[in-house]
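# What the coordinates show
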Amino acid sequence: MSGQREAEVERVIEKYSSSLFRMCFVILKHEQDAQDVLQEAFIKYMQKSPEFRDEAHEKAWLFKITANLCKDLLRFKKRNQYVDMKELEQYLKEPEESDVLKEVMTLPAKYKMAIHLYYIEGYHTSEIAKIMQISESAVKKRMQRGREMLKTRLEAWE
């Protein structure tokens, strides 16, 4: 990168980083995610090397790119949800529940969701069918198969 381009990138980072970070933090509600998105936005700026009509155009472009990156991260997190078992264990009453929960978490998603909604959230099969957008018989079959998988795994412990 040329010295002039380097100076331009430094100027943009200096000028916009705090306001872009605030926007990211408001959207993402997590400091590390906001920092990651901000870094990605500046990388895009460096890679694209866009030409702007004026400062307002530059600022608008940066805010739009950054907002889109925030939305992308939120979509990714929604599709790839992660549950920290250590954090979840603090809400369990008995240590044995932790072992069962760990086994439930290893089930394929379609079984895990049906079992969770029924046994933990207390939904009826008809309600689960609406939530999962499948037939009630499909819900019952998924719960049956999920229970069978759990039974096999838990029996292996004994």
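Refer to the preceding data block for the structure.
The structure contained in this document is the topic of the report that follows. (Residues numbered from 1 in each chain as written. Predicted model: local features only at pLDDT ≥ 70, side-chain atom pairs only at ≥ 80, totals over all residues. Heavy atoms only, no water.)

Moving on to the packing of helix 1 (residues 3–28) against helix 3 (residues 55–79). Where helix 1 meets helix 3, the axes come as close as 10 Å, and the angle between the chain directions of the two elements is 40°. If you check the angle between helix 1 and helix 3, you find them oblique. Crossing hand, helix 1 versus helix 3: right-handed. Residues Glu8, Arg11, Val12, Lys15, Tyr16, Ser19, Leu20, Met23, Cys24, Ile27 and Leu28 of helix 1 form the contact with helix 3, whose own contacting residues are Glu55, Glu58, Lys59, Leu62, Phe63, Thr66, Ala67, Cys70, Leu73 and Leu74. The residue makeup of the contact of helix 1 with helix 3, split by class, is 13 nonpolar, two polar and six charged. (Axes fitted to C-alpha atoms, helices over the stretch in contact; angles between N-to-C directions. Helix = DSSP H or I, 4+ residues; strand = E, 2+ residues; numbered from the N terminus. Parallel < 35°, antiparallel > 145°, perpendicular 65-115°, else oblique. Left-handed = near helix turned anticlockwise from the far one by under 90°. Contact = heavy atoms within 4.5 Å. Nonpolar A, V, L, I, M, F, W, Y, C, P; charged D, E, K, R; others polar.)

For helix 3, which comprises 25 residues, the first-to-last C-alpha distance of 36 Å matches the rise-based estimate of 36 Å (1.5 Å per residue) to within 8%. Inspection of helix 3 places Glu58, Leu62, Thr66, Ala67, Leu69, Cys70 and Leu73 among the buried residues, and these make up the whole buried set. The secondary structure elements touched by the buried residues of helix 3 are helix 1 and helix 2 (31–48). The residue sitting at the N-terminus of helix 3 and contributing the capping side-chain oxygen is Asp54; that oxygen lies 3.3 Å from the backbone nitrogen of Ala56. (Expected span 1.5 Å × (residues − 1). Buried < 20%, exposed > 50% of the residue type's maximum accessible area, 1.4 Å probe, protein only. Polar contact = N/O pair within 3.5 Å; in protein donor to acceptor, adjacent residues only side chain to side chain.)

Now for the environment of Tyr123. Within the fold, Tyr123 resides in the loop between helix 6 (109–120) and helix 7 (125–132). You can call Tyr123 partly exposed: its relative accessible area is 33%. Dropping the residues within four chain positions of it, Tyr123 is found in contact with Leu117, Tyr118, Ile128 and Ile131.

This brings us to the state of the cysteines. Here the structure, examined in full by the defined rule, presents zero disulfides. No disulfide involves Cys24; its sulfur sits 3.6 Å from the nearest other cysteine sulfur, which is in Cys70. The buried category is assigned to Cys24, whose relative accessible area is 0%. We classify Cys70 as buried; its relative accessible area is 0%. (Disulfide = S-S within 2.5 Å.)

With ten residues, the main nonpolar core is built from Val9, Val12, Tyr16, Leu20, Met23, Leu38, Phe42, Tyr45, Leu62 and Ala67. At five residues, the largest contribution of residues to this core is made by helix 1. When residues no more than four places from it in sequence are discounted, the contact partners of Met23 are Phe63, Thr66 and Ala67. Core analysis: the second largest hydrophobic core is formed by eight residues, Leu28, Val37, Cys70 and Leu73 among them. (Core = buried A, V, L, I, M, F, W, Y, C linked by side-chain atoms within 4.5 Å.)

Here we take up helix 2. Its 18 residues place the ends of helix 2 26 Å apart at the C-alpha level, agreeing with the 26 Å of an ideal helix rising 1.5 Å per residue. Of all the positions in helix 2, only Asp33, Ala34, Val37, Leu38, Ala41, Phe42 and Tyr45 are classed as buried. In this structure, the buried side of helix 2 is in contact with helix 1 and helix 3. Positive phi shows up at Ser49, right after helix 2, with a value of about 45°.

Note that Arg5 resides in helix 1. For Arg5, a relative accessible area of 18% gives the class buried. Distance from Arg5 to Met46, taken between C-alpha atoms, is 8.6 Å for residues 41 residues apart in sequence. For Arg5, the contacting residues outside a window of four places in its chain are Tyr45, Met46 and Ser49.

Time to look at a nonpolar patch on the surface. Side chains of Met113, Tyr123 and Ile131 sit close together on the surface and give an oily, nonpolar patch of about 250 Å² of accessible area. Structurally, Met113 can be placed in helix 6. (Patch = residues over 30% accessible without salt bridge, like charges linked within 9 Å, V, L, I, M, F, W, Y side chains within 5 Å. Areas by Shrake-Rupley, 256 points an atom, 1.4 Å probe, with all protein chains shown as cover. Salt bridge = Lys/Arg side-chain N within 4 Å of Asp/Glu carboxyl O.)

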